[in-house]
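# Analysis of the macromolecular model
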Amino acid sequence: MKKYLLLVFSLLFGFSQSQIIRKYSNEFLNIGAGARGIGMGGAVMTSQDDVYSPMWNPAGLNGITRDWQGAAMHAEYFESIAKYDYLAYAKVLETGVFGVSVVRLGVDNILNTTQLIDTEGNIDYDKITKFSQSDYAGIISYAFNPGGNPKLDVGVNAKIVYRNVGKFASGYGFGFDVGAIYKADNGWKFGGVLRDATTTVNFWSVNQKELSTIVNGEEFNPAPTDKMELTMPKLNAGASKLFNINSSLYILPEAGINVDFAKTAALLSTDFASITPYAGAELGYQKMIFVRLGVNRFQSITDIEDLQRKVSFQPSAGIGIRYRGLTLDYAISNSGIGGSNFYSNFFSLKLDMGEFRND
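Residues numbered from 1 in each chain as written. Predicted model: local features only at pLDDT ≥ 70, side-chain atom pairs only at ≥ 80, totals over all residues. Heavy atoms only, no water.

### Points about the layout of surface pockets
- Within this model, the second largest pocket holds a volume of roughly 820 Å³.
- If you go around the second largest pocket, you meet 33 residues; those closest to its centre are Ser47, Asp49, Tyr250, Arg322 and Lys350.
- Of all the secondary-structure elements, those providing two or more residues to the lining of the second largest pocket are β13 (234–241), β15 (249–260), β18 (289–302), β20 (326–334), β21 (343–352) and α4 (353–358).
- With 3 residues, the top contributor of residues to the lining of the second largest pocket is β21.
- For the lining of the second largest pocket, the per-class residue count stands at 6 nonpolar, 13 polar and 14 charged. (1 Å grid on protein atoms, 1.4 Å probe; cavity = no way out; pocket = protein on both sides within 12 Å on 5 of 7 lines; lining within 4 Å. Points joined across faces, edges and corners; volume = space filled by probe spheres on them. Helix = DSSP H or I, 4+ residues; strand = E, 2+ residues; numbered from the N terminus. Nonpolar A, V, L, I, M, F, W, Y, C, P; charged D, E, K, R; others polar.)

### Describing the environment of Pro146
- Along the chain, Pro146 turns up in the loop between β5 (129–144) and β6 (152–165).
- Contacts of Pro146, omitting those with residues within four sequence positions, involve Leu152 and Val154. (Contact = heavy atoms within 4.5 Å.)

### Topic: the packing of aromatic side chains
- Counted according to the given criterion, the structure contains 10 aromatic pairs.
- Here Tyr162 and Tyr172 contribute two aromatic rings whose centre-to-centre distance is 4.9 Å and whose plane-to-plane angle is 45°, an arrangement assigned as tilted. Residue Tyr162 is found in strand β6, and its partner Tyr172 is found in strand β7 (residues 169–183); the two are separated by 10 residues along the sequence.
- With centroids separated by 5.0 Å and ring planes inclined at 45°, the aromatic side chains of Tyr330 and Phe347 adopt a geometry described as tilted. With a gap of 17 residues between them, Tyr330 in strand β20 and Phe347 in strand β21 connect regions that are remote in the sequence.
- Each member of the aromatic cluster is reached from another via a ring pair, and the members are Tyr136, Tyr162 and Tyr172. (Phe/Tyr/Trp six-rings, centres within 6.5 Å; stacked < 30°, edge-to-face > 60°.)

### Quick notes on the confidence of the model for the protein chain
- Predicted confidence across the protein chain gives a mean pLDDT of 82, with 79% of residues reaching 70 or more.
- Within the model, the stretch residues 1–19 combines pLDDT values under 50 with 29 contacts to residues more than four positions away or in other chains. (pLDDT = per-residue confidence, 0-100.)

### Considering unusual backbone geometry
- One non-glycine residue, Asp196, lies in the positive phi region at around 50°.
- Note that Asp196 resides in the loop between β8 (188–195) and β9 (200–206).
- With a phi angle near 55°, Arg297 is a residue other than glycine that sits in the positive phi range.
- With respect to the helices, strands and loops of the structure, Arg297 is situated in strand β18.
- By relative accessible area, Arg297 is classed as partly exposed at 38%. (Buried < 20%, exposed > 50% of the residue type's maximum accessible area, 1.4 Å probe, protein only.)

In structure tokens form, the structure reads like this:
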């Protein structure tokens, strides 16, 4: 259990590293939103055509054709240590679709032991306090058909990020995502999104007094020297096609790749880029009941017990039900970290006012 708590802590405290360019920065924005997409392993680059699409591919907002949609999602990670929430609204305009989303990932009641040892080297447990670490993002999205071409959807996200680590540090950032979906005449859809297209910049402010402690004249927990971090671009691309089994039943598979422009633990990794595949499918009955499966995040890892190289991946599954414009979805997903068995549950709700009023 300790190793996973340390992993969570190190991911959340990425600001403490000395380098400026991060392989993993603002990762909470790569979780996705909506139990449908998570249940399909993120295989929704071309088919998430609703208010949840800004977290996958903003071009999908153009799938909203009437009135407005609202959505909410809640999830808990690592046995409820971390909590993730998403709220969104999207409105059809004359020239396209406008959306706004709010995201939060937080860990509360973290023990602060920076002042546990006094200047004489004595331990004082009364000096242990608690703090919270939270990541927030506000996303403004817009999708449209360039030149009025109904076969091509284009979308843009403008992101504002705020990250807070108790009284120790806080940071602000901003960035952009650009996505597109092309609908071919034969029923195939091809789509992709370039996340952090211009790199996302985070500026940090660190409270040296709260962070560090002096023991026997030696400073511990010194503040980082770099106060700016850059999130490098990521590319997600996929293709899908809907197959009608009969008048009531259909299956929608999608497959694609995720590309990080950095060397990571992905199965195919170079100094320039790392590539990992994903795949998922949705089985729908009368567009009312849905069953989903997916797999993502393939990585090559070293087992800490036998030091053997292994392939780790993140499986997921989910179900959904829709009635009169109201959709309730559920998904379960394994973190995939080191072959762990930390399963997270996702619940999301969507209201389609255009469909509701039509019914």
